[in-house]
Structures are given as structure tokens and as C-alpha cells.
Amino acid sequence: MPEVIFNGPAGRIEGRYHPAKKRRAPIALILHPHPQFGGTMNNQIVYNLYYAFLNRGFSVLRFNFRGVGRSQGNFDHGSGELSDAASALDWAQALNPDARACWIAGVSFGAWIGMQLLMRRPEVEGFISVAPPANRFDFSFLAPCPSSGLFVHGDQDRVAPMKDVQTLIEKLKTQKGIVIDQSIIPGANHFFENRTEELLVEVNAYLDKRLGPIGEVAAPQAPADTGEDAA
């Protein structure tokens, strides 16, 4: 897959980008887990979300937040990482000025960043939020949440307990004009160890519902990640 380098607010940002084959294809931006706990763009879930959108004809970008891999800068507790994500979306949109829509998918810390970006970008029409750490980060900015989307989490998550995620989801479900879907993966912890396949089944089923089914396209399996995200 094509490696890319683009300018961000703290310097160069390293990413992987796959352009769509058709004009006016939508854009998907995939955000990785916490940079200080081993989160990178090569996280297995991030990798597979990338291909879930690619297989549906999206132009897809995943990247390393500042201070991760070859991305310049230092961890900035969320504020800088949100700026990184905004720059990444700007870069993808500049390459695809005719893109008809945008989706954001984030894992854990990346889900928190993604939902903040969603609030600032009205062109985002859908989201996938995997294991959002509602107990560790403030999600009250979703008032109201502007787009429909899917929350996926495990019932054995000890890092972001299900009760906290459930409280967030129930609050969002009371809002009018959007539809919030939820998938709970039995036996899954925060990292979806031995449950990644079940996670992807739920994500693909949701994308089928929103975007229409695709042919039987097998996404390549990601290599084992060297680090794990703890938030």
C-alpha cells in the first residue's frame, strides 16, 4: 500500500493511503489507539478497518499521530492529535476534491479523537467507534452528535468498562435525527484479543446496512502488532 508523508501542525506525518478507483468516491480516515501505550497505524484493528473501507471503494487514509513512528512532534494529550487528524482529513480531501462524503473510524483513544473531529466537520456522514474509553475521556462534547454511526465494544473490557460506554450510548440514542447502532462482542476485552474476527463481522454488517453489500473480498490479515493500547 502506498506510503505517504504530509505536513501536519507539528511537522511531517507518516501515513498509508489508498486512492479509490472511481471519481467522487467517499473518504475514510482511520485513527489509531493511544500513542503512549503502543498504539500505531499498524494496530491490527486499524489495519482491518482500513481494508473494510477500501473494499467498499473508499479512498482510505491511516496515519501515525505526532511522535509515533516517523511522524514528528510529541504527544499532546489529545489537543495536538485532534489537529493531526484534521490535517490528515484536509490532505485527503485536497487529493479528492470531488469526494461526496467522509467517514471516520477510530479505535480507543482514536475513537475519542474521531468523535471530536466529527463535531467539527459537517461533511462526515458516518462513524465507527471501537472501544471508546468513555470512563477516561470526556465525551460530553457530543451535544448533539451530528452523524449516525456504530459503537462496538467488548463485554469483558476492563480498560473502558461496558457500563460507561453504555451510559454514553444511551444518552446519544435520545437525540433526534441520527441513528446510533451498538454491537457488543461477547468475551472481548479492550484489545479484542481472539475476537478480532467477530469485531469485523459486526463492522462489515453495519457498513453493508449503511452502504450496501460488497462482493466476497477477503481483506489481508494484519501482522501482529508490537504494542498494545491501554486507552
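As the structure is a prediction and not an experimental result, all values here were calculated from the model.

Parameters and conventions
Residues numbered from 1 in each chain as written. Predicted model: local features only at pLDDT ≥ 70, side-chain atom pairs only at ≥ 80, totals over all residues. Heavy atoms only, no water. Helix = DSSP H or I, 4+ residues; strand = E, 2+ residues; numbered from the N terminus. Rg over C-alpha atoms; globule rule 2.2 N^0.38 Å. Buried < 20%, exposed > 50% of the residue type's maximum accessible area, 1.4 Å probe, protein only. Polar contact = N/O pair within 3.5 Å; in protein donor to acceptor, adjacent residues only side chain to side chain. Contact = heavy atoms within 4.5 Å. Pairing = 2+ DSSP bridges. Axes fitted to C-alpha atoms, helices over the stretch in contact; angles between N-to-C directions. Phe/Tyr/Trp six-rings, centres within 6.5 Å; stacked < 30°, edge-to-face > 60°. Salt bridge = Lys/Arg side-chain N within 4 Å of Asp/Glu carboxyl O.

Undergrad: How would you sum up the overall build of the protein chain? Please name residues and give values.
TA: Helix and strand content of the protein chain: 5 helices and 8 strands. From first element to last, N terminus to C terminus, the protein chain shows the α and β order β-β-β-α-β-α-β-α-β-β-α-β-α. In terms of overall dimensions, the protein chain is globule-like: its C-alpha atoms have a radius of gyration of 16 Å, near the 17 Å expected for 231 residues. Along the first, second and third principal axes, the C-alpha atoms of the protein chain reach 40 × 40 × 35 Å. Residues classed as buried in the protein chain amount to 54% of the 231 residues present.

Undergrad: Account for the side chain of serine 148, with residues named and values stated.
TA: Tracing the backbone through its elements, the reader meets serine 148 in strand β7 (residues 148-154). A polar atom in the side chain of serine 148 sits 2.8 Å from the backbone nitrogen of valine 179. With residues near it in sequence (within four places) discarded, serine 148 still touches Glu125, Gly126, Phe127, Ile178, Val179, Tyr206 and Arg210.

Undergrad: Lay out the sheet that holds strand β4 (residues 59-63) in plain terms, naming residues and giving numbers.
TA: Strands sit in the order β1-β2-β4-β3-β5-β6-β7-β8 across an open sheet of 8 strands; the sheet is mixed. Among the strands making up the open sheet, the edge pair consists of β1 (3-8) and β8 (180-185). With strand direction ignored, the average angle separating the axes of adjacent strands in the sheet is 20 degrees. In this structure, strand β2 (residues 11-18) lies alongside β4, joined through 4 bridges in antiparallel fashion. Within the sheet, the bridge partner assigned to glycine 15 lies in β4 and is phenylalanine 63. With respect to the sheet, helix α3 (residues 109-120) is in contact with β3 (27-31), β5 (102-107), β6 (124-130) and β7, its orientation differing from that of β5 by roughly 150 degrees.

Undergrad: Which residues make up the packing of aromatic side chains, and what values do they have?
TA: We describe a pair of aromatic rings using the distance from one ring centre to the other and the angle between the two ring planes. A full pass over the atoms with the stated rule returns 16 aromatic pairs. Residues phenylalanine 139 and phenylalanine 141 carry aromatic rings whose centres are separated by 6.0 Å and whose planes lie at 25 degrees to one another, so their mutual orientation is stacked. Relative accessible area serves as the criterion here: at 6%, phenylalanine 139 is assigned to the buried category. The class for phenylalanine 141 is partly exposed, based on a relative accessible area of 24%.

Undergrad: So what's going on with the pattern of salt bridges? Residues and values would help.
TA: Where charged atoms of side chains with opposite charge meet at close range, the side chains can pair. A full pass over the atoms with the stated rule returns 10 salt bridges. The shortest N-O distance in the salt bridge between aspartate 84 and arginine 66 comes to 2.9 Å. Taken together, the residues span a long stretch of sequence, with aspartate 84 in helix α2 (residues 79-95) and arginine 66 in the loop between β4 and α2 at a distance of 18 residues. Residue arginine 66 is classed as buried on the basis of its relative accessible area of 10%. With its nearest N and O atoms 3.5 Å apart, the salt bridge here joins aspartate 164 to lysine 163.

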